[in-house]
Amino acid sequence: MRGADLSFLPQLEEAGVRYRDLAGRRRPAERILAGEGANYMRLRVWVDPPDGYSDKARALALAKRAKRAGMKILLDPHYCDFWADPSKQPIPAGWPTDLPGLTAKIQSYTRTLLREFAAQGTPVDMLQVGNEITAGILWPVGQLYLPDGTQQWASFTQLLKAGIAGARQAAGRDLKIVLHIDRGGKLGDTQWFFDNITAYDVPFDIIGQSYYPMWHGSIAELQANLNDSVARYDKPVLLAEVSYPWTFEDGDGRGNIVTAASTLPDVDRFPATPAGQAAFYEGVRGVLAQVPDGRGLGFFAWEPEWVPGVGWEPGAEAPNDNLTQFDFTGRALPSVRAYRRP
């Protein structure tokens, strides 16, 4: 699997951004990546986001573009009105706020969502039940770690099982279920999470990880963690989000997340240059290729098209514009070659 999350693409195009391939030819971003060998697109879905952002209608339209480009689909419902990650997982404003109500809602929402993708001829191939669910979903009901130290594994896993049940009702056993956390190179944290998931008998198919070296460790730590997960849980592993800087410059002049070499554990091997970024993706491919029994399924670059033009929320900056696989003008960088077949 060699894919990318391109959920911002329609907004960027509406803002006037145009993309060019390595030869300088203007083409849609998904066609550029598919031309290099990408075979998956990851799509984010928010319940009721600000106008223009990744709601269901936007995701359905982008799914058609993915299929036309020959890509399969990994669907990533956040089960939130807007951004969900380990620091926040708020219940959508229009959803119930009790455990029984949320259990029924997440099941019916997931079932309906997948049926709508199938109905338009773009069935989902893989589903994440939530986005970076390391600390739970649908807070505070499904919040895993409460401020007083309480761990709500029972309610959290009840909600996960309901989402999975809704997905199975819509798409059957062929649909692959991913549980996605943000602990790429952190072995102990990964073991703690999936030991508990296993103890509560949550049925799933794939361990999904985010891997951002500035937060999640070195490439060697990533390799150790992925190999341990395959052996410990008898599941394949997938890098559901990956990115790396090609520069420390700021494309919109409004601030970036990654600004210094000191935050990158392998910066001597992978400098923040176009060539260094390309080498990083080759390193990721190498890690996945050595996972035993072919269980390193692949990687998804996160928003590699998010060049300056659209903020993370209305009126805000694009804090990842130096982590893209296109330069500030929309021209492809050498790292797009990482989408080639093994």
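Our structure's up above, just so we're on the same page.
This one's a predicted model, so the numbers in the text were calculated from it and none came from an experiment.

1. Remarks on the overall build of the protein
Then step 1. Of regular secondary structure, the protein possesses 9 helices and 8 strands.
Then step 2. In summary, the protein has a C-alpha radius of gyration of 19 Å against a globular reference of 20 Å for 342 residues, a match within 12%.
Then step 3. If you line up the protein on its principal axes, its C-alpha atoms span 55 × 40 × 40 Å.
Then step 4. Of all 342 residues assigned to the protein, the portion counted as buried reaches 57%.

2. Observations concerning the layout of surface pockets
One simple way to see leftover space: roll a probe sized like a water molecule over the atoms.
Then step 1. Put simply, the largest pocket is a space of about 450 Å³.
Then step 2. Around the largest pocket, the lining comprises 23 residues; the ones closest to its centre are Trp83, Asp85, Glu132, Ile257 and Trp302.
Then step 3. Counting only elements with at least two residues in the lining of the largest pocket, the list comes to strand 2 (40–45) and helix 7 (213–216).
Then step 4. Of the residues assigned to the lining of the largest pocket, the class counts are 9 nonpolar, 4 polar and 10 charged.
Then step 5. Considering only enclosed or pocket space, the second largest pocket measures out at about 230 Å³ in volume.

3. A short note on the pairing of strand 2
Then step 1. Among the 6 residues of strand 2, 6 are classified as buried, and the element is accordingly described as predominantly covered.
Then step 2. Residues of strand 2 alternate between two faces, with Tyr40, Arg42 and Arg44 on one and Met41, Leu43 and Val45 on the opposite face, all of them buried.
Then step 3. Sheet analysis places strand 1 (residues 2–5) next to strand 2, joined by 3 bridges and oriented parallel. Note that in strand 2 the partner of Gly3 across the bridge is Tyr40.
Then step 4. By the bridge criterion, 6 bridges tie strand 2 to strand 3 (residues 72–77) in an arrangement that is parallel. Each residue of the ladder has a partner; that of Leu43, found in strand 3, is Leu75.

4. Overview of empty space enclosed by the protein
Then step 1. Taken as a whole and assessed by the stated rule, the structure comprises 1 cavity of 30 Å³ or more.
Then step 2. There is about 30 Å³ of room inside the largest cavity.
Then step 3. Lining the largest cavity, in full, are Ser7, Leu43, Arg44, Ser54, Arg58, Ala59 and Leu62.
Then step 4. Elements represented by at least two residues in the lining of the largest cavity include exactly strand 2 and helix 3 (56–68).
Then step 5. For the lining of the largest cavity, the element with the most residues is helix 3, which contributes 3 residues.
Then step 6. In the lining of the largest cavity, the residues fall into 3 nonpolar, 2 polar and 2 charged.

5. Details of the environment of Ala93
Then step 1. Checked against the element boundaries, Ala93 lands in the loop between strand 3 and helix 4 (99–119).
Then step 2. Ala93 gets classed as exposed once you look at its relative accessible area, which sits at 71%.
Then step 3. C-alpha separation for the pair Ala93 and Val47, spaced 46 residues apart in sequence, amounts to 9.1 Å.

6. Notes on the pattern of salt bridges
Then step 1. Tallied over the full model, the rule gives 18 salt bridges.
Then step 2. Between Lys88 and Asp85 there is a salt bridge, with its nearest N and O atoms 2.5 Å apart.
Then step 3. The class for Asp85 is buried, based on a relative accessible area of 17%.
Then step 4. Linking Asp189 and Arg183 is a salt bridge whose minimum nitrogen-to-oxygen distance equals 3.0 Å.
Then step 5. A relative accessible area of 37% places Asp189 in the partly exposed class.
Then step 6. Each of Asp5, Arg42, Asp76 and Glu241 takes part in one network of salt bridges that share partners.

7. Some points on helix 2 (residues 29–36)
Then step 1. Taken together, the buried positions of helix 2 are occupied by Ala29, Glu30, Ile32, Leu33 and Ala34.
Then step 2. The inward-facing, buried residues of helix 2 contact strand 1, helix 1 (9–14), strand 2 and helix 3.

8. Some points on the side chain of His78
Then step 1. By the secondary structure assignment, His78 is in the loop between strand 3 and helix 4.
Then step 2. For His78, a relative accessible area of 2% translates into the label buried.
Then step 3. At 3.3 Å, the side chain of His78 forms a polar contact with the side chain of Asp76.
Then step 4. Side-chain polar atoms of His78 contact the backbone nitrogen of Ala84, separated by 3.2 Å.
Then step 5. For His78, the residues in contact, after removing those within four places along its chain, are Arg44, Val45, Trp46, Trp83, Ala84, Gln89 and Asn131.

The rules behind the values
Residues numbered from 1 in each chain as written. Predicted model: local features only at pLDDT ≥ 70, side-chain atom pairs only at ≥ 80, totals over all residues. Heavy atoms only, no water. Helix = DSSP H or I, 4+ residues; strand = E, 2+ residues; numbered from the N terminus. Rg over C-alpha atoms; globule rule 2.2 N^0.38 Å. Buried < 20%, exposed > 50% of the residue type's maximum accessible area, 1.4 Å probe, protein only. 1 Å grid on protein atoms, 1.4 Å probe; cavity = no way out; pocket = protein on both sides within 12 Å on 5 of 7 lines; lining within 4 Å. Points joined across faces, edges and corners; volume = space filled by probe spheres on them. Nonpolar A, V, L, I, M, F, W, Y, C, P; charged D, E, K, R; others polar. Pairing = 2+ DSSP bridges. Salt bridge = Lys/Arg side-chain N within 4 Å of Asp/Glu carboxyl O. Contact = heavy atoms within 4.5 Å. Polar contact = N/O pair within 3.5 Å; in protein donor to acceptor, adjacent residues only side chain to side chain.

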